[in-house]
Structures are given as C-alpha cells and as structure tokens.
Amino acid sequence: MSLPPLVEPAAELTVDEVRRYSRHLIIPDVGMDGQKRLKNAKVLCVGAGGLGSPALMYLAAAGVGTLGIIEFDEVDESNLQRQIIHSQADIGRSKAQSAKDSVLGINPYVNVVLHETRLEADNVLEIFAQYDLIVDGTDNFATRYLVNDAAVLLNKPYVWGSIYRFDGQASVFWSEHGPCYRCLYPEPPPPGMVPSCAEGGVLGVLCASIGSIQVNEAIKLLAGIGDPLVGRLMIYDALEMQYRQVKVRKDPDCAVCGENPTVTELIDYEAFCGVVSEEAQEAALGSTITPKQLKEWIDGDEKIEIIDVREKNEYEIVSIPGAKLIPKNEFLMGTALQDLPQDKRIVLHCKTGVRSAEVLAVLKSAGFADAVHVGGGVIGWVNQIEPEKPVY
C-alpha cells in the first residue's frame, strides 16, 4: 500500500546539508524532494532505551529536522549492553539529556526537543499533537495501549516495535489507512503471563535490527516512498535468521478504531493492563515482608523455606542466601506444590515482587495460609542487605 508523503518539503537544503545527505540525494526515490521532507519532519521517539537508541541515531543521521524525545529515566549500567546511544560516562545522567548529546554529535542540524516526563493520559495528547509521526520504543503494555489510543484519537501514524530475547516484531499502525495496535492485540495478556525484558532478557543487537526497521518505515512514511508496513506485522527470529510477515486486518469491532468504538477517550491504562492480578494483590495484602524482616528471620533461625521463583539464569547472577530455586511456571502447572515442606513457613521472592505475588496467590489457594513474599524481591535485598552483590 503506497501512501502520500506525510509532510511537505522544506524550502531548501543548505550547501552543507547537500554535502551531508548526498548519498540520499542520488537515490531516485528519495532525491532532493524526499530529503527536504525529512528536514521538515517532526518525529517523536517514545523512549531512549533499547529501541529508541538506534531509532534516534538513525533518524538524526537521516536528517529528520525535529526529533522529540520523551524519557524520564536515568542511565543505568545494565542499559549499556543494548542502549547504544548512552556511554559509560552517562551512568546516572538523564537518558533524555544523554540521548540529546549523542543526537547532536551525529547531526548538529537536528532540533532536539526533550520531554523529561513519564508519558501519561493527561499529557500524551498535548505532546503527540506537536509531531507528524510517533516512533514507539516502549517496553510495557500499559504505555503501548496509551500510545495507540492517543495516536488513533489524533489520527497520527506511529511505528511500533517490540523485542524479547531473540525475537522482534515491527509494524506501522495508522487507523486512517489500516489497523491499529488493538486490532492486533485487543486485550493485554494476563498479568505476569509475558515476562518483560528485565525479567527474560534481550539480545542487545536485536534492538538495532528492530530499531532500524522502525526508522526505515518512518522514512518511507515521511517521504511517501515504498510500501509501508501498514496492515502487516514483521516478525524476526534472530536465532534462525528468519523474517516473516503476517497480515493484520482492521477489526470492524475494534474498541478504539472500529465502526462503533467504545473507547472514545483515554482510560486508566495501568488498571486496564493490570501489572499484578487482583488475586495476587489480595494474596499479598498482609502477607508481604521486607528484606530486613527476612534477614531478621534468617538470623533468628526461624523455621522458613525461602523459595526463589525466578529462572535459573537469573538465580545464577544473584541470589538470597539459602533460597531454593523453583521457577514460577512450576507453581502455575502445579508440579511444585507436592514438594513444599509442611512444617516450615514458605517465603517467596522474585526480582521485584511481581512474580512472587502471583505465586503467593497460588499457594494461598492451595492451603498455605501463612505463606508470605518479599516486597522488592532480590533487588530490594541487594539494596538493603548486601549492596556489594550485583543487580541486573
């Protein structure tokens, strides 16, 4: 599906710009007209992390005139394995400021606009309205649905990408010309069903593969060239080195872009996606202990069984002394229950407390009424008890 250019061309390119973009200018499909459109374009990157890093760098190199960056986080050492827009010297700095410095280092002709805030329902429409195109590099479902619904309400196209371990996906959602994200995923997965990159990991270079696809699609939309990924989902398997496509059709019953939409304004996306299920929240109520409480129980030789519900590779990075590894999935399948001691109090923990709360709900329903979990998980333990240990 060929689409008209998203933006009008700028009045002119300077002599310096002609030299800089000469390899674009000699491509017939881009040429002077296409490069002028890129110069006149305003693109917002949601996030300056794994996908935002390559996206921002290549959008800058391509000559997009105005780049917006919405990012509220700071650079952490664990980011550097994949977030190549940041460096060792940036640890502890604002990701937005760090990304701006890198962008201007690549192309000083770019106008960089920073939005150092968390994207929320009360600011997304105002921010999105300033841009022609959105590039979505978020890593959580609540923000993905927020980005989608705001884009539909404003009739803005956006380029979406997703990464996990060795797998990546990319598409272009534009409700005026095709499906939106909700047409592909009408409902978020149940809480805890799909691990985040922080829980499951991601191959660093996968970010470059999917991020570059996002930039490729952005350039095509802005300049009006080629066949954008509207109505198509690109799926990449880095281990098998395979790309495949799946057609995505507009859903006439879609809640936000369908014929009779039920979502006509922004909603509470945290509640919609549910970081933790209601069962887990109820189970954790009154059954959550702090890392310091756990340390007191260990030192006092309390009769407890500490169970780590993370995965083996996480356990090998850092663990709480005396913890036994039983991954969450074994509880969900029921295979772990028969081996639990009846004469000890079960203490569950994971990385931050989300997975252990889900497992706690399973134990409570199975009759382990005095079971508890550690709020803050192993990260809280390291921060409060053993700061010399690594975190991830």
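Residues numbered from 1 in each chain as written. Predicted model: local features only at pLDDT ≥ 70, side-chain atom pairs only at ≥ 80, totals over all residues. Heavy atoms only, no water.

Before we go on, may I ask you to explain the overall build of the chain in this structure?
Helices and strands together make up the secondary structure of the chain, namely 17 helices and 13 strands. In terms of overall dimensions, the chain is globule-like: its C-alpha atoms have a radius of gyration of 24 Å, near the 21 Å expected for 392 residues. In terms of overall dimensions, the chain has a C-alpha envelope of 80 × 50 × 40 Å along the principal axes. In the chain, the proportion of contacts linking residues at least 24 apart, taken out of those at least 6 apart, comes to 68%. For the chain, the computed accessible surface area is about 18,200 Å², with 50% contributed by carbon and sulfur atoms. The average position of the 35 basic charges and that of the 54 acidic charges among the side chains of the chain differ by 5 Å. (Helix = DSSP H or I, 4+ residues; strand = E, 2+ residues; numbered from the N terminus. Rg over C-alpha atoms; globule rule 2.2 N^0.38 Å. Contact = heavy atoms within 4.5 Å. Areas by Shrake-Rupley, 256 points an atom, 1.4 Å probe, with all protein chains shown as cover. Lys, Arg positive; Asp, Glu negative; His and termini not counted. Charge placed at Lys NZ, Arg CZ, Asp CG, Glu CD.)

Sorry if this is basic, but what is going on with the environment of Pro 189 here?
Tracing the backbone shows Pro 189 in the loop between α8 (181-184) and α9 (197-200). C-alpha of Pro 189 to C-alpha of Phe 141: the two residues are 48 residues apart in sequence and 8.6 Å apart in space. With residues near it in sequence (within four places) discarded, Pro 189 still touches Phe 141, Val 194 and Cys 273.

Please explain helix α13 (residues 291-299) as it appears in this structure.
In an α-helix there are 3.6 residues to a turn, and that puts residues three or four apart on one side. Listed as buried for α13 are Pro 291, Leu 294 and Trp 297. Along α13, the residues classed as buried sweep out an arc of 115 degrees about the axis, all on the same side. Residues of α13 that are exposed and point over 90 degrees away from its buried face: Glu 296 and Asp 299. Those residues of α13 hidden inside the fold are in contact with β9 (288-289), β10 (304-308), β12 (345-349), β13 (372-374) and α17 (377-384). At the exit of α13 stands Asp 301, carrying a positive phi of roughly 55 degrees. (Buried < 20%, exposed > 50% of the residue type's maximum accessible area, 1.4 Å probe, protein only. Arc of directions from axis to C-beta.)

Mind showing me how you'd approach α17 here?
Along α17, 6 of the 8 residues are buried, which leaves the element largely enclosed by surrounding structure. Every buried residue of α17 is accounted for by Gly 377, Val 378, Ile 379, Gly 380, Trp 381 and Val 382. Buried positions along α17 lie against α13, β12 and β13.

Just to check I follow, could you spell out the environment of Ser 287 for this structure?
In this fold, Ser 287 is placed in the loop between α12 (278-284) and β9. On a C-alpha basis, the gap between Ser 287 and Pro 252 in space is 45 Å, while along the polypeptide they are 35 residues apart. Within the local environment of Ser 287, its side chain forms a polar contact with the side chain of Lys 364, the two groups lying 2.8 Å apart. (Polar contact = N/O pair within 3.5 Å; in protein donor to acceptor, adjacent residues only side chain to side chain.)

Teacher, can you tell me more about unusual backbone geometry here?
Glycine aside, the phi torsion of most residues is negative, and most peptide linkages are trans. If you check the backbone angles, Met 241 has positive phi at about 55 degrees while not being a glycine. One can find Met 241 in the loop between β7 (232-237) and β8 (242-247). The exposure class of Met 241 is exposed, given its relative accessible area of 54%. Here Asp 301, not a glycine, exhibits a phi torsion of approximately 55 degrees, which is positive. Secondary-structure assignment places Asp 301 in the loop between α13 and β10.

When you look at the pairing of strand β3 (residues 111-115) in this model, what are you seeing that I'm missing?
Regular strands show a simple pattern: their side chains alternate between the two faces of the sheet. Two elements, strand β2 (residues 66-70) and β3, share 5 bridges in a ladder whose sense is parallel. Bridge pairing links Thr 66 to Asn 111 in β3. Of the crossover connections in this fold, the one passing from β2 over helix α5 (residues 95-106) to the parallel β3 is right-handed. (Pairing = 2+ DSSP bridges. Right-handed = clockwise from strand over helix to strand, strands pointing away.)

What should I look at first to understand the packing of aromatic side chains in this one?
Working definition: an aromatic ring pair is given by the centre-to-centre distance plus the angle between the planes. In this structure the tally under the stated criterion is 9 aromatic pairs. Geometrically, the ring pair formed by Tyr 145 and Tyr 181 is edge-to-face, given 5.1 Å between the ring centres and 75 degrees between the ring planes. Of this pair, Tyr 145 sits in helix α7 (residues 141-154) while Tyr 181 is found in helix α8, placing the two residues 36 residues apart along the sequence. With respect to class, Tyr 145 is no different from Tyr 181; both count as buried. Measuring from ring centre to ring centre gives 5.6 Å for Tyr 158 and Phe 173, while their planes differ by 45 degrees; the resulting arrangement is tilted. With a gap of 15 residues between them, Tyr 158 in strand β5 (residues 158-164) and Phe 173 in strand β6 (residues 167-173) connect regions that are remote in the sequence. Phe 173 matches Tyr 158 in its accessibility class, with the two residues each being buried. Among the aromatic side chains, those forming a connected cluster through ring pairs are Tyr 145, Tyr 158, Trp 160, Phe 173, Tyr 181, Tyr 185 and Phe 272. When the ring centre of Tyr 392 is taken as origin, the NZ or CZ atom of Lys 351, which lies over that ring, is 4.3 Å away. (Phe/Tyr/Trp six-rings, centres within 6.5 Å; stacked < 30°, edge-to-face > 60°. Lys NZ or Arg CZ within 6 Å of the ring centre and 35° of its normal.)

Please clarify how the environment of Met 234 should be interpreted in this entry.
Topologically, Met 234 is positioned in strand β7. Classification of Met 234 by relative accessible area gives buried; the value is 16%. Placed 66 residues apart in sequence, Met 234 and Gly 168 show a C-alpha to C-alpha distance of 8.2 Å. If sequence neighbours within four positions are ignored, Met 234 has contacts with Gly 168, Gln 169, Ala 170, Ile 213, Leu 229, Tyr 243, Arg 244 and Gln 245.

How should I be thinking about the packing of helix α3 (residues 31-40) against helix α10 (residues 204-223) in this particular structure?
Describing two packed helices takes the angle between their axes plus the distance from one axis to the other. Running from N to C, α3 and α10 cross one another at 105 degrees; their axes reach a closest spacing of 9 Å. As the angle between them shows, α3 and α10 are arranged roughly perpendicular. For the pair formed by α3 and α10, the contact residues are Gly 34, Arg 37 and Leu 38 on the first element and Ile 219, Leu 222 and Ala 223 on the second. Here the residues of the contact of α3 with α10 are counted per class, giving 4 nonpolar, 1 polar and 1 charged. (Axes fitted to C-alpha atoms, helices over the stretch in contact; angles between N-to-C directions. Parallel < 35°, antiparallel > 145°, perpendicular 65-115°, else oblique. Nonpolar A, V, L, I, M, F, W, Y, C, P; charged D, E, K, R; others polar.)

Whenever I open this one, the nonpolar core confuses me. Can you help?
Most often, soluble globular proteins have nonpolar side chains that are buried together. Judged by nonpolar contacts, the single largest core of 42 residues is most densely connected at Val 43, Leu 56, Leu 59, Leu 67, Val 103, Ile 210 and Leu 222. Sort the elements by how many residues they give to this core and α10 lands first, with 9 residues. Not counting residues within four places of it along the chain, the set of residues in contact with Val 43 comprises Leu 59, Val 64, Thr 66, Leu 67, Gly 68, Tyr 131, Leu 133, Val 135 and Leu 222. Leu 44, Ile 70, Phe 128 and Val 248 belong to the second-largest nonpolar core, a separate cluster that totals 25 residues. (Core = buried A, V, L, I, M, F, W, Y, C linked by side-chain atoms within 4.5 Å.)

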